[in-house]
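What follows is the residue order along each chain.
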Amino acid sequence: MKFYANDLQTKDRYKLLSGSVVPRPISWVSTVDRDGEANLAPFSFFNVASREPAMLSLSIGPGVGDRNGTTKDTLENIRNTEQFVVNVVPATLANAMYTTSLNVATDVDEFEEAGLTKEASDKVKAPRVKESPISMECQLEQIIQLGTDYLVIGRVLVFHIAESVYTPDYKINLDALNPLGRLAGTYALGGELFSLPDDTLSERIAKRK
(Lines give C-alpha, C1' and ligand atoms only; values in the text may rest on other atoms or scores of the structure.)
Protein backbone atom coordinates (compact mmCIF):
# COMPACT_ATOMS: atom_id res chain seq x y z
CA MET A 1 0.00 0.00 0.00
CA LYS A 2 1.12 3.56 -0.65
CA PHE A 3 -0.01 6.80 0.96
CA TYR A 4 0.89 10.34 -0.07
CA ALA A 5 1.39 12.29 3.13
CA ASN A 6 -0.22 15.49 1.85
CA ASP A 7 -3.41 13.57 0.97
CA LEU A 8 -3.93 12.32 4.53
CA GLN A 9 -5.70 13.95 7.43
CA THR A 10 -3.49 14.95 10.36
CA LYS A 11 -4.85 12.18 12.61
CA ASP A 12 -4.14 9.55 9.96
CA ARG A 13 -0.59 10.77 9.34
CA TYR A 14 -0.06 10.65 13.09
CA LYS A 15 -1.22 7.04 13.26
CA LEU A 16 1.23 6.01 10.55
CA LEU A 17 4.11 7.94 12.14
CA SER A 18 3.52 6.74 15.70
CA GLY A 19 3.04 3.16 14.54
CA SER A 20 6.09 3.14 12.26
CA VAL A 21 8.69 5.01 14.32
CA VAL A 22 8.93 2.46 17.12
CA PRO A 23 9.88 1.73 19.78
CA ARG A 24 10.20 5.30 21.06
CA PRO A 25 11.75 6.29 24.39
CA ILE A 26 9.63 8.41 26.71
CA SER A 27 10.82 11.71 28.13
CA TRP A 28 9.09 12.48 31.42
CA VAL A 29 9.55 16.24 31.51
CA SER A 30 9.36 18.24 34.72
CA THR A 31 9.16 22.03 34.59
CA VAL A 32 8.06 24.98 36.71
CA ASP A 33 6.02 28.01 35.76
CA ARG A 34 6.89 31.63 36.52
CA ASP A 35 5.47 31.24 40.03
CA GLY A 36 7.55 28.13 40.72
CA GLU A 37 4.66 25.67 40.48
CA ALA A 38 5.78 22.28 39.18
CA ASN A 39 4.43 20.43 36.14
CA LEU A 40 5.16 16.89 34.95
CA ALA A 41 4.20 15.36 31.59
CA PRO A 42 5.45 12.56 29.27
CA PHE A 43 6.45 12.96 25.61
CA SER A 44 7.42 10.11 23.29
CA PHE A 45 8.70 12.19 20.37
CA PHE A 46 12.10 12.32 22.06
CA ASN A 47 15.75 11.55 21.34
CA VAL A 48 19.41 12.55 21.65
CA ALA A 49 20.16 15.60 19.51
CA SER A 50 23.91 15.98 20.06
CA ARG A 51 26.78 14.25 21.81
CA GLU A 52 29.11 17.26 22.03
CA PRO A 53 27.75 19.20 23.71
CA ALA A 54 25.21 16.79 25.16
CA MET A 55 21.73 17.79 23.95
CA LEU A 56 18.29 16.22 24.02
CA SER A 57 15.35 16.94 21.74
CA LEU A 58 11.63 16.56 22.27
CA SER A 59 8.69 17.49 20.09
CA ILE A 60 5.69 19.09 21.77
CA GLY A 61 2.41 19.35 19.90
CA PRO A 62 -0.74 21.33 20.71
CA GLY A 63 -3.14 20.31 23.44
CA VAL A 64 -5.76 17.65 22.71
CA GLY A 65 -9.18 16.72 24.07
CA ASP A 66 -10.61 19.42 26.31
CA ARG A 67 -7.50 21.52 25.62
CA ASN A 68 -7.51 21.01 21.86
CA GLY A 69 -5.32 23.53 20.07
CA THR A 70 -3.96 25.16 23.23
CA THR A 71 -0.29 25.45 24.19
CA LYS A 72 0.78 22.71 26.57
CA ASP A 73 1.97 23.79 30.01
CA THR A 74 5.34 22.10 29.47
CA LEU A 75 6.11 24.19 26.39
CA GLU A 76 4.92 27.40 28.04
CA ASN A 77 7.04 26.72 31.12
CA ILE A 78 10.15 25.95 29.06
CA ARG A 79 9.67 29.16 27.08
CA ASN A 80 9.36 31.21 30.26
CA THR A 81 12.09 29.61 32.40
CA GLU A 82 14.40 28.13 29.72
CA GLN A 83 14.93 25.08 31.91
CA PHE A 84 13.54 21.57 32.29
CA VAL A 85 14.38 18.07 33.51
CA VAL A 86 14.04 14.86 31.50
CA ASN A 87 13.30 11.87 33.73
CA VAL A 88 13.52 8.32 32.37
CA VAL A 89 10.45 6.10 32.87
CA PRO A 90 11.19 2.55 34.11
CA ALA A 91 8.41 -0.02 33.79
CA THR A 92 7.75 0.17 37.53
CA LEU A 93 6.55 3.76 37.12
CA ALA A 94 4.36 3.15 34.06
CA ASN A 95 1.05 3.79 35.83
CA ALA A 96 2.36 6.94 37.47
CA MET A 97 3.58 8.16 34.09
CA TYR A 98 0.16 7.50 32.59
CA THR A 99 -1.50 9.54 35.34
CA THR A 100 0.68 12.53 34.46
CA SER A 101 -0.35 12.25 30.80
CA LEU A 102 -3.99 13.07 31.55
CA ASN A 103 -5.43 16.52 30.92
CA VAL A 104 -5.86 18.33 34.22
CA ALA A 105 -6.28 21.94 35.28
CA THR A 106 -3.12 24.05 35.25
CA ASP A 107 -3.20 24.39 39.05
CA VAL A 108 -3.22 20.60 39.62
CA ASP A 109 0.09 19.17 40.88
CA GLU A 110 0.88 16.14 38.68
CA PHE A 111 3.50 14.93 41.15
CA GLU A 112 0.87 14.64 43.88
CA GLU A 113 -1.73 13.17 41.52
CA ALA A 114 0.70 10.39 40.55
CA GLY A 115 2.06 9.81 44.07
CA LEU A 116 5.56 10.97 43.13
CA THR A 117 8.18 12.86 45.07
CA LYS A 118 9.80 16.13 44.02
CA GLU A 119 13.57 16.14 44.37
CA ALA A 120 15.49 19.42 44.12
CA SER A 121 17.75 19.74 41.07
CA ASP A 122 21.30 21.10 41.20
CA LYS A 123 21.33 23.61 38.33
CA VAL A 124 17.71 24.24 37.35
CA LYS A 125 14.59 25.28 39.22
CA ALA A 126 12.44 22.40 37.97
CA PRO A 127 12.38 19.43 40.38
CA ARG A 128 13.38 15.91 39.44
CA VAL A 129 11.23 12.82 39.91
CA LYS A 130 12.90 11.23 42.91
CA GLU A 131 11.62 7.76 41.99
CA SER A 132 13.12 7.90 38.48
CA PRO A 133 16.53 6.18 38.26
CA ILE A 134 17.80 8.61 35.62
CA SER A 135 17.20 12.36 35.41
CA MET A 136 18.91 14.94 33.21
CA GLU A 137 18.80 18.63 34.04
CA CYS A 138 18.60 20.73 30.87
CA GLN A 139 19.05 24.34 29.83
CA LEU A 140 17.03 25.41 26.81
CA GLU A 141 19.15 25.72 23.67
CA GLN A 142 16.42 26.61 21.19
CA ILE A 143 12.79 26.05 20.21
CA ILE A 144 12.02 25.48 16.54
CA GLN A 145 8.47 25.55 15.23
CA LEU A 146 7.87 22.71 12.77
CA GLY A 147 4.34 22.81 11.41
CA THR A 148 1.90 22.45 14.29
CA ASP A 149 4.61 21.19 16.68
CA TYR A 150 7.63 22.64 18.45
CA LEU A 151 11.04 20.98 18.56
CA VAL A 152 12.63 21.74 21.93
CA ILE A 153 16.39 21.28 22.21
CA GLY A 154 18.00 21.34 25.63
CA ARG A 155 21.63 21.17 26.70
CA VAL A 156 22.25 18.62 29.44
CA LEU A 157 23.81 20.22 32.51
CA VAL A 158 23.67 17.39 35.04
CA PHE A 159 23.13 13.62 34.85
CA HIS A 160 21.56 12.00 37.94
CA ILE A 161 22.04 8.21 37.74
CA ALA A 162 20.89 5.87 40.51
CA GLU A 163 23.49 3.37 41.67
CA SER A 164 20.97 0.60 41.00
CA VAL A 165 21.22 1.14 37.22
CA TYR A 166 24.82 2.35 36.93
CA THR A 167 27.72 0.14 35.86
CA PRO A 168 31.41 1.11 35.72
CA ASP A 169 32.77 3.20 32.88
CA TYR A 170 29.64 5.40 32.60
CA LYS A 171 27.32 2.68 31.33
CA ILE A 172 23.69 1.92 32.19
CA ASN A 173 22.47 -1.51 33.25
CA LEU A 174 19.47 -1.81 30.93
CA ASP A 175 18.16 -4.95 32.62
CA ALA A 176 17.98 -3.06 35.89
CA LEU A 177 16.54 0.06 34.24
CA ASN A 178 13.86 -1.84 32.27
CA PRO A 179 12.81 1.29 30.38
CA LEU A 180 9.28 1.77 29.12
CA GLY A 181 8.85 2.27 25.37
CA ARG A 182 6.03 3.67 23.27
CA LEU A 183 4.46 1.65 20.44
CA ALA A 184 1.73 3.64 18.68
CA GLY A 185 -1.05 3.77 21.29
CA THR A 186 0.42 1.01 23.45
CA TYR A 187 3.58 0.50 25.49
CA ALA A 188 6.43 -2.01 25.59
CA LEU A 189 8.86 -3.24 28.22
CA GLY A 190 12.59 -3.40 27.54
CA GLY A 191 12.30 -7.06 26.55
CA GLU A 192 15.03 -9.48 25.55
CA LEU A 193 18.50 -8.01 25.15
CA PHE A 194 20.97 -9.43 22.64
CA SER A 195 24.06 -8.45 20.65
CA LEU A 196 24.70 -8.67 16.91
CA PRO A 197 25.66 -10.63 14.92
CA ASP A 198 23.48 -13.45 16.28
CA ASP A 199 23.18 -16.64 14.20
CA THR A 200 20.28 -17.91 16.34
CA LEU A 201 18.14 -14.79 16.00
CA SER A 202 15.89 -15.96 13.16
CA GLU A 203 15.18 -19.20 14.96
CA ARG A 204 14.27 -17.42 18.20
CA ILE A 205 12.00 -14.96 16.39
CA ALA A 206 10.19 -17.83 14.63
CA LYS A 207 9.53 -19.54 17.98
CA ARG A 208 7.90 -16.38 19.35
CA LYS A 209 5.28 -16.23 16.56
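Our subject is the structure that appears above.
Residues numbered from 1 in each chain as written. Predicted model: local features only at pLDDT ≥ 70, side-chain atom pairs only at ≥ 80, totals over all residues. Heavy atoms only, no water.

Visitor: Could you clarify how one ought to interpret the pairing of strand E3 (residues 38-43) in this entry?
Guide: Working note: regular strand, side chains alternate between the two faces of the sheet. Of all six residues making up E3, six are buried, and the element is well covered by its neighbours. With six bridges connecting them, strand E2 (residues 27-32) and E3 associate as antiparallel partners. Considered in E3, the bridge of Ser-27 is made with Phe-43. Counted along the chain from E2 to the antiparallel partner E3, the turn is five residues long, and its residue Gly-36 has a positive phi close to 85°. (Buried < 20%, exposed > 50% of the residue type's maximum accessible area, 1.4 Å probe, protein only. Helix = DSSP H or I, 4+ residues; strand = E, 2+ residues; numbered from the N terminus. Pairing = 2+ DSSP bridges.)

Visitor: It is not clear to me how the sheet that holds strand E1 (residues 24-25) should be interpreted in this structure. Could you clarify?
Guide: Sheet strands associate in pairs through backbone hydrogen bonding, adopting either a parallel or an antiparallel arrangement. Taken together, the three strands give an open sheet; going across it, the order is E1-E13-E14, and neighbouring strands pair in antiparallel fashion. Each edge of the open sheet is held by one strand with a lone partner, namely E1 and strand E14 (186-188). Pairing of E1 with strand E13 (residues 181-183) involves two bridges; the strand directions are antiparallel. Looking at E13, one finds that Pro-25 is bridged to Gly-181.

Visitor: Just checking my understanding: could you explain the pairing of strand E10 (residues 149-161) for this structure?
Guide: Summarising the sheet, strand E5 (residues 55-60) and E10 pair through six bridges and their orientation is antiparallel. Pairing of Leu-58 across the sheet is with Val-152, part of E10. Bridging between strand E9 (residues 134-146) and E10 involves 12 bridges; their strand directions are antiparallel. The residue of E10 that forms the bridge with Ile-134 is Ile-161. Hairpin geometry of E9 and E10 is characterised by an intervening segment of two residues between the two adjacent antiparallel strands and by a positive phi of about 65° at Gly-147.

Visitor: When you look at the side chain of Thr-74 in this model, what are you seeing that I'm missing?
Guide: Mapped onto the secondary structure, Thr-74 falls in helix H2 (residues 73-81). Given the relative accessible area of 1%, Thr-74 is considered buried. Thr-74 has contacts with Val-29, Thr-31, Asn-39, Ala-41, Phe-43 and Ile-60, leaving out every residue within four places of it along the chain. (Contact = heavy atoms within 4.5 Å.)

Visitor: I'm lost on the pattern of salt bridges in this one. Help?
Guide: Side chains that carry opposite charge are capable of pairing whenever their charged atoms lie near each other. Summed over the entire model, instances satisfying the criterion amount to eight salt bridges. A salt bridge links Lys-118 to Asp-109, with the shortest nitrogen-to-oxygen separation between them at 2.6 Å. (Salt bridge = Lys/Arg side-chain N within 4 Å of Asp/Glu carboxyl O.)

Visitor: Would you take a moment to explain the environment of Ala-91 for this structure?
Guide: Among the secondary structure elements, Ala-91 is positioned in the loop between strand E6 (83-88) and helix H3 (94-101). Remark: the alpha-carbon pair of Ala-91 and Tyr-187, spanning 96 residues in sequence, is separated by 9.6 Å. Ignoring anything within four residues of it in the chain, the contact list for Ala-91 reads Leu-177, Asn-178, Leu-180 and Leu-189.

Visitor: What should I look at first to understand the nonpolar core in this one?
Guide: Soluble globular proteins: nonpolar side chains tend toward being buried together. In terms of nonpolar packing, the biggest core is built from 21 residues, with Leu-56, Leu-58, Ile-60, Phe-84, Val-86, Met-136 and Val-152 touching the most fellow members. Elements supplying a minimum of two residues to this core: E3, E5, H2, E6, E9 and E10. Ranked by residue count, the leading element in this core is E9, at four residues. Not counting residues up to four positions away in its chain, the partners in contact with Met-136 are Leu-56, Phe-84, Val-85, Val-86, Val-88, Val-156, Val-158 and Phe-159. (Core = buried A, V, L, I, M, F, W, Y, C linked by side-chain atoms within 4.5 Å.)

Visitor: How do you make sense of the sheet that holds E2 when you look at a structure like this?
Guide: Taken together, the seven strands give an open sheet; going across it, the order is E3-E2-E6-E9-E10-E5-E4, and neighbouring strands pair in antiparallel fashion. Only two strands of the sheet have a single partner each, and these edge strands are E3 and strand E4 (46-50). Within this sheet the neighbouring strands show an average axis-to-axis angle of 35°, counted without direction. Sheet contacts for H2: E2, E3, E5, E6, E9 and E10; angle to E2, the most-contacted strand, approximately 55°. Strands in contact with H3 are E2 and E3; relative to E3, the strand with the most contacts, it is inclined by about 110°. (Axes fitted to C-alpha atoms, helices over the stretch in contact; angles between N-to-C directions.)

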